[in-house]
2 protein chains.
Amino acid sequence: MEKLIIIGGGAAGMTAASWARRLKPDLDITVLESTKMVSHAPCGIPYFTEGLFDDESLFMTYTPDYFIEKRKINVKINSIVEEVDLKSRILVVKENQDRIKYEFDNLLLSMGAKPKKINSDGEKIFYVHHPAEATHLRQKLWGFNRIAIIGGGILGIEMAEALRARGKRVIMIHRGKYLLNKMLDEDMGKVVTEKVSSEVELRLSEELVNVEEGGRIVITDKGKYEVDATIVAIGVEPNIDLVKNQLRIGETGAIWTDDHMRTSVKGVYAAGDVAEATNIITKKPDWVPFAPVANKMGFVAGNNIGGKNVIFPGVLGTMITKFEEYIIGKTGLTEVDAKKHGLKTVSATVHHKTRARYYPDSKDIIVKLIAEANSMRIIGAQIIGEEEVLGRLNMLAAVIQKGFTAEDLFFVETGYVPPVNRVWDVVTLAARKLYTGVGGE
Amino acid sequence: MEKLIIIGGGAAGMTAASWARRLKPDLDITVLESTKMVSHAPCGIPYFTEGLFDDESLFMTYTPDYFIEKRKINVKINSIVEEVDLKSRILVVKENQDRIKYEFDNLLLSMGAKPKKINSDGEKIFYVHHPAEATHLRQKLWGFNRIAIIGGGILGIEMAEALRARGKRVIMIHRGKYLLNKMLDEDMGKVVTEKVSSEVELRLSEELVNVEEGGRIVITDKGKYEVDATIVAIGVEPNIDLVKNQLRIGETGAIWTDDHMRTSVKGVYAAGDVAEATNIITKKPDWVPFAPVANKMGFVAGNNIGGKNVIFPGVLGTMITKFEEYIIGKTGLTEVDAKKHGLKTVSATVHHKTRARYYPDSKDIIVKLIAEANSMRIIGAQIIGEEEVLGRLNMLAAVIQKGFTAEDLFFVETGYVPPVNRVWDVVTLAARKLYTGVGGE
Ligand SMILES: Cc1cc2nc3c(=O)[nH]c(=O)nc-3n(C[C@H](O)[C@H](O)[C@H](O)COP(=O)(O)OP(=O)(O)OC[C@H]3O[C@@H](n4cnc5c(N)ncnc54)[C@H](O)[C@@H]3O)c2cc1C
Ligand SMILES: Cc1cc2nc3c(=O)[nH]c(=O)nc-3n(C[C@H](O)[C@H](O)[C@H](O)COP(=O)(O)OP(=O)(O)OC[C@H]3O[C@@H](n4cnc5c(N)ncnc54)[C@H](O)[C@@H]3O)c2cc1C
């Protein structure tokens, strides 16, 4: 029987397994997962830490048993793949005390990403990574009062929100001039920075030197901070150690894939946070380690393994996060990204409201649009708002994915009703500002 | 000096005036408006009736004085155009007791729409139409206890919400089998119907015969209802009496226009609820009397009058309304519409949640997508949900406007963060169901 092995039972792995199963009822599918969880979502860890829910099993969309019984997928939890030989097509897997060999016809690499580490180690240095560790992490964190977070990216600010909600004092050390500086341009990032700084002791433009005493002393190029514990959230990297010398690694450091999620080795696929893709705007390699991309890559890999020709269109870099009442989203390129790629841009930013002037509880929303200077094609968008950010962000992702110009976007026939927006929607106004050069309502 | 006259100072008229002014600083622009309000939004009347705000001036985005002083637009309120002669290019206008003649080089017709009337008249029969009448209307309505609403369309249900919030008893008489039957297909309309029926005494599939005793007795083909007053909300029609024998009227009954908002008479433009346009999907004439369309038509007319070549891309029929916690949107064609136009369709409906499983206060949301059977091009969408409906609706309007297939829509790189959606967004799932035939998460 034809054998598919999948390393990693996260979003990408389980989606691929499910689609391969649907299309090839006879395929022998084994998923090897080092933890006790599959089809999990680490995205919930900050909210679990905040105490918004207590049932760890909610991290999983489906349980291992569900996959085994309902989908006839041989899910092996607590099974760590220790060695991979892509030539002889053999894996060595640690299951309990045993080391077991597996053979495969097709292999899917979906080991995800892992946190970038600092040099020091210690009992009070924490990384936020896998839901299987969430209960342990939260028990520990709840016992501290003053906590340092190294890194002011998405994970950093989500953990800061969670810890503030638990009444902790948070000091955040960030190398950039403003928070979320890989996601937002400075003008938008400053809005977030100001908000976060009202809750958190912020140290910007400060470089970490060392963490000492097992996590209790943080030393930077500008100061020394005594805390109870340190969370390191300085970014992630693809989890490729198992295979990195056996296949092509892309420019971004993740596994190179084609638009079918095939790697450079025949019969070996990669999907999710381990995999690189092509940016739809720049046509250059890009790495977008977020859950919707992982799921869709898994869908593409599973379909192709299942014999159906499905093409992954590439990535935009859509991301969204939340800090207290601010929901913050970005899709496509920032102005900083665009400059790096030698693209000339124009941008328009509109501060607006989410409801009619007279309708109660109207909230603030800011939309920044970035267009390529000559074609006026929309290539990036950033939003900060208190409601209705998600749909607008997804709208702009669609707009960028299909190459709308500012004029096209202005003319999209948006809906209007006073309780949920303004008659000139903030997105329409931003598009109009780009298209005509004129602001205002 | 070149003279532009605009009849009607609503959304379309004032937008056109502003853009013509920007582009032609020397143009002599006069707006003739029969009421005391300009750049107003009748859309707020239900919320004013509900008592959510009391300041009538909030109906206006800008005041007449603002336009006169800041934009050098000669706004004449309380000026009713009584006669129009498109051949001799002369208008007769009633201003106070006087009848004044105006000449023009260019004319914009933007008289909006008016409520369809029933045969009976009376002190206790009300139409909901112009914000200039909102204070009077609300004073009256607040004095009644049991009120009949004839018509279960958007305006009917918005008024029902307002009156229920004021503690009134509402009986709604609707000719259709379900509410919003011009906006939604039966499956979606029934969801709204059930909701409304928990607040309102609903009489469906009932035909109005007469309203007697000045509004106090409603007689239908199935019954007779005693009430304190009757609101008639059976639809609107374009306000074209002034000119209907002097230019081409389109198939829909509104003024025919080309894609520059020019009518069949040279130098005469039409925009907003008086004007017909071309449906982007069917390429047939269509009439979409909603504010965002009126504004954009006004933009196009104003730019073209101002000498800038701007093309109106046509209409989709996007609409959105609210009943209590339900926000209800539609864009493109319903299945019923599609059938009328001889299009074969497939559809997919997904019931989902607006937040992660474990995140508090997750709400229900239902998305129905309609695609053309062979091309799998998305041609319609209907949404009912308790939050984040607007952005998704606008996303789908963009998607339909540019001819995305179900596959294209599935692959849009949506964002995900647990407090605002699911990792497989409801729109992505609905697209996937169309594209693959497979439901579930
Ligand atoms: C704290 C946190 C919050 C996040 N929040 C968001 C968010 O809000 N929105 C969003 O879009 N994305 C978010 N992400 C990113 C998102 O979780 C990832 O993009 C997504 O999980 C990637 O899916 P994947 O299947 O590629 O990898 P993963 O979900 O990481 O799954 C990989 C699996 O492989 C297993 N594995 C690794 N090596 C081996 C081995 N040798 N043997 C066996 N098994 C192995 C791991 O145990 C793991 O279960 C967040 C990530 C983290 C860590
Ligand atoms: C109660 C109500 C609620 C609504 N809610 C919504 C909603 O939530 N969302 C939405 O998108 N749309 C809504 N609409 C529709 C929306 O208001 C219209 O599409 C929009 O106002 C059309 O703009 P317009 O400029 O074409 O016409 P109007 O705004 O109607 O303006 C036309 C103007 O012309 C003037 N006029 C007419 N005849 C003459 C004359 N002979 N001489 C001088 N002046 C004249 C009128 O007094 C009026 O001020 C609603 C409409 C109503 C009535």
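If you're wondering where the values come from, they're calculated on a predicted model, not measured in any experiment.

Novice: Residues and numbers for the overall build of chain A, please.
Specialist: A tally of regular secondary structure across chain A gives 11 helices and 25 strands. Radius of gyration (C-alpha) of chain A: 23 Å, near the 22 Å computed for a compact globule of 441 residues. Projecting the C-alpha coordinates of chain A onto the three principal axes gives extents of approximately 65 × 55 × 40 Å. Within chain A, the proportion of its 441 residues that are buried is 59%. Nonlocal contacts in chain A, meaning residues at least 24 apart in sequence, comprise 61% of its contacts between residues at least 6 apart. Per element, the accessible surface of chain A, about 16,800 Å² overall, is 46% carbon and sulfur. Side chains of chain A carry 58 positive and 58 negative charges; the gap between the two charge centres is 2 Å.

Novice: Now, about the UniProt feature "domain: FAD/NAD(P)-binding" (unreviewed entry) in chain A: what can you tell me, with residues and values included?
Specialist: Here, UniProt's "domain: FAD/NAD(P)-binding" (unreviewed entry) annotation points to residues 3-296 of chain A. Regarding residues 3-296 of chain A, the helix share stands at 22% and the strand share at 28%, and the terminal C-alpha atoms are separated by 22 Å.

Novice: Which residues make up the pairing of strand 24 (residues 364-372) of chain B, and what values do they have?
Specialist: Residue and element names in this part refer to chain B. Extensive coverage of strand 24 is indicated by the burial of eight of its nine residues. Note: strand 23 (residues 345-353) against strand 24, nine bridges, orientation antiparallel. Paired with Ala-348 across the strands is Leu-369, a residue of strand 24. Where strand 24 and strand 25 (residues 378-385) come together, seven bridges link them in antiparallel fashion.

Novice: Let's hear about the site of ligand 1: which residues, and what values?
Specialist: Around ligand 1, the surrounding shell holds 35 residues, and the nearest of these are Ala12(A), Glu33(A), His40(A), Asp273(A) and Tyr416(B). Around ligand 1, the nearby residues trace back to chains A and B. Glu33(A) is positioned such that a nitrogen or oxygen atom in its side chain is 2.7 Å from an oxygen atom of ligand 1. Separating an oxygen atom of ligand 1 from a side-chain N or O atom of His130(A) is a distance of 2.9 Å. A total of 990 Å² of accessible area belongs to ligand 1 in isolation, and the protein chains cover 90% of it. Breaking the shell around ligand 1 down by element, the ones donating at least two residues are helix 1 (11-23), strand 4 (79-85) and helix 7 (291-305) of chain A. Looking at the shell around ligand 1 residue by residue, the class counts come to 20 nonpolar, 13 polar and two charged.

Novice: Any details on unusual backbone geometry? Residues and values, ideally.
Specialist: Negative phi characterises most residues that are not glycine, and trans characterises most peptide bonds. Phi is positive for Met261(A), which is not a glycine, with a value near 70°. Relative to the helices and strands, Met261(A) resides in the loop between strand 17 (236-238) and strand 18 (268-270). Overall, Met261(A) belongs to the buried group, its relative accessible area being 1%. Of note in this structure, Asn96(B) is not a glycine but carries a positive phi near 50°. The topology assignment puts Asn96(B) in the loop between strand 5 (90-95) and strand 6 (98-103).

Novice: Just give me the short version of the pattern of salt bridges, but keep the residues and values in it.
Specialist: All names here are of chain B. The final tally for this structure, using the stated rule, is 50 salt bridges over all chains. Salt-bridge contacts for Arg-99 lead to Glu-82; the nearest nitrogen and oxygen are separated by 2.6 Å. Taken as a pair, Arg-99 in strand 6 and Glu-82 in strand 4 (residues 79-85) lie far apart in primary sequence, 17 residues in all. Residue classification places Glu-82 among the partly exposed positions, given a relative accessible area of 32%.

Novice: Give a description of helix 11 (residues 426-436) of chain B that names residues and reports values.
Specialist: Residues and elements named next belong to chain B. Of all the 11 residues making up helix 11, nine are buried; the element is thus mostly covered by neighbouring parts of the structure. Here helix 11 has its buried residues at Val-426, Val-427, Thr-428, Leu-429, Ala-430, Ala-431, Arg-432, Leu-434 and Tyr-435. In this structure Asp-425 caps helix 11, since a side-chain oxygen of it lies 3.0 Å from the backbone nitrogen of Val-427. Two residues or fewer after helix 11 comes Gly-437, characterised by a positive phi angle close to 80°.

Calculation criteria
- Residues numbered from 1 in each chain as written.
- Chains lettered and ligands numbered in written order.
- Predicted model: local features only at pLDDT ≥ 70, side-chain atom pairs only at ≥ 80, totals over all residues.
- Heavy atoms only, no water.
- Helix = DSSP H or I, 4+ residues; strand = E, 2+ residues; numbered from the N terminus.
- Rg over C-alpha atoms; globule rule 2.2 N^0.38 Å.
- Buried < 20%, exposed > 50% of the residue type's maximum accessible area, 1.4 Å probe, protein only.
- Contact = heavy atoms within 4.5 Å.
- Areas by Shrake-Rupley, 256 points an atom, 1.4 Å probe, with all protein chains shown as cover.
- Lys, Arg positive; Asp, Glu negative; His and termini not counted.
- Charge placed at Lys NZ, Arg CZ, Asp CG, Glu CD.
- UniProt positions renumbered as here; feature names shortened; annotations may be inferred.
- Pairing = 2+ DSSP bridges.
- Near = heavy atom within 4 Å.
- Polar contact = N/O pair within 3.5 Å; in protein donor to acceptor, adjacent residues only side chain to side chain.
- Nonpolar A, V, L, I, M, F, W, Y, C, P; charged D, E, K, R; others polar.
- Salt bridge = Lys/Arg side-chain N within 4 Å of Asp/Glu carboxyl O.

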